[in-house]
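What follows is each chain in one-letter form.
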Amino acid sequence: MLSADVTSDNAHSNLMHQSDTDLCTARPFTALRWQSLDQTDRIFVTIMFFIKSLLVSSLVLGVQLHLHQPQRFLFVEVGGTAEIHCSLGEDVEAGVKVHWYLRRAGEVPKRMKDCGDGTNGSKFACKHQKYNTTLEIRDIQRNESGIYYCAHADTNTLTFGNGTTVIIGDSFTNSSSVLLLGPIAGENGDMDLAHLACVIRGVSSLVQVSWCVPGEEPAQGLPRTLEASAGTLTLIHGISIPWASWASGVAITCEVTFNSSGSSVTRRSVYAPSPSTPCVMLPVVAVGSALLLFTVPLSLIWIHCPPRWETRSRKPAPCTQRNQDGLLYADLAFEPPTLKKPRKQQGPRGKNVIP
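In what follows, the accompanying structure is described. Owing to the predicted nature of the structure, the values given are computational and were not obtained by experimental measurement.

**A few points about the sheet that holds strand β17 (residues 264-269)**
Overall, antiparallel pairing links the three strands, which are arranged β12-β16-β17 in an open sheet. Strands with a single pairing partner mark the edges of an open sheet, and in this sheet they are β12 (208-212) and β17. Sheet twist, expressed as the average angle between the axes of neighbouring strands with direction ignored, equals 20°. Bridge count for β12 against strand β16 (residues 252-257) is five bridges, and the pairing is antiparallel. Bridge assignment links Ser-210 to a residue of β16, and that residue is Glu-255.

Okay, structure coming up:
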């Protein structure tokens, strides 16, 4: 037993000496430990390491994926009560680390309620049930429209949900209109994306926009909001789909809902190939030919038959000429002017009066 311990100590001293003198040839200590294990121990260590990796991955994914808001859009009447739900995926201490943020158009997110303060006022209230939490907003007004996010605060991180767009009242006005814009042929290559935009003009607040692309799940970007005249808004909702899907000729649909009544406006757009060059130039050539045929005859007529705008000359008087001794005599005959006979002045009708 003693000899075995001495041998072990000597081996360890030789290994340390070898590590100090020749680092290039010495094998790591962990490699020696792994080689000293039998087949069963190696399998056990591998399984434990794999289980540990799965636990760490599940914890990381849990923080990233277990915040879900099932309501993409929520319509509420002015003065009503809005209830926004958020699924946490796990019980987080009765929601004490849950916060609610509001993102209005053109603004940064603003915290509206801290569920960990333990108070529920007359305006905002937090309701927590095991794996779900709900934000209740009473007497909601138009200026409280926007995108509401639930968030979970950890040590140094703040994880947000996917957001719920709250639409209050009716966003439709007399100047509201919907326009669907799509790219034309030749703008992109076959491997690029086709970007489409649904433009909603003249609305008083946010609207619900739903896209329908047959056979595709479109990637929607963040909506853009522009302030227009008379206090109205212009909203731009965009999506991106593969160019091959757009060029296949399928109808892309953009449906806009303005209020809780369910009535909506739908716009469709279909890919249109670019027309060929002869078809584009044909109207231009036809108009040019017609103008040429019209102006050439007028020019010829103007050259050969110019207009006579001068006054007519008087007819010359007849004359006779005689040559006598180198002298030229001319007899001019003038026509005497014709005198008009004066009209006899008639006296007044009636009896003659002798002066």
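Back to the write-up after that little detour.
**A few points about the state of the cysteines**
Following the criterion strictly, the structure yields three disulfides and no others. What pairs with Cys-86 in a disulfide is Cys-150, and their sulfur atoms sit 2.0 Å apart. Between Cys-86 and Cys-150, the S-S torsion sits near 55°, and that sign places the bridge as right-handed. Of this pair, Cys-86 sits in strand β2 (residues 82-87) while Cys-150 sits in strand β7 (residues 146-153); the two residues are 64 residues apart in sequence, bridging distant segments of the chain. Both residues of the pair, Cys-86 and Cys-150, count as buried. Ordering the disulfide-forming cysteines of the protein chain by sequence position, one finds them joined as 1-4, 2-3, 5-6.

**Quick word on the sheet that holds β2**
Read from one edge of the open sheet, three strands run β2-β6-β5, paired in antiparallel fashion. Edge positions in the sheet fall to β2 and β5 (124-129), since each of these pairs with one other strand and no more. Along the sheet, successive strands turn relative to each other by an average axial angle of 20°, direction set aside. Alignment of β2 against strand β6 (residues 132-137), held across six bridges, turns out to be antiparallel. The residue of β6 that forms the bridge with Ser-87 is Asn-132.

**A short note on the pairing of β16**
Each regular strand displays side chains that alternate between the two surfaces of the sheet. Counting buried residues in β16 gives five out of six residues, a clear majority hidden from the surface. Sheet topology places β16 next to β17; six bridges connect them, and they run antiparallel. From the neighbouring strand, Cys-254 faces β17, where its bridge partner is Arg-267. Once β16 ends, the chain turns through six residues before running back antiparallel as β17, passing Gly-262 with a positive phi of about 95°.

Rules used throughout
Residues numbered from 1 in each chain as written. Predicted model: local features only at pLDDT ≥ 70, side-chain atom pairs only at ≥ 80, totals over all residues. Heavy atoms only, no water. Pairing = 2+ DSSP bridges. Helix = DSSP H or I, 4+ residues; strand = E, 2+ residues; numbered from the N terminus. Axes fitted to C-alpha atoms, helices over the stretch in contact; angles between N-to-C directions. Disulfide = S-S within 2.5 Å. Buried < 20%, exposed > 50% of the residue type's maximum accessible area, 1.4 Å probe, protein only.

Read these as layout, nothing more, since geometry by itself doesn't imply function.
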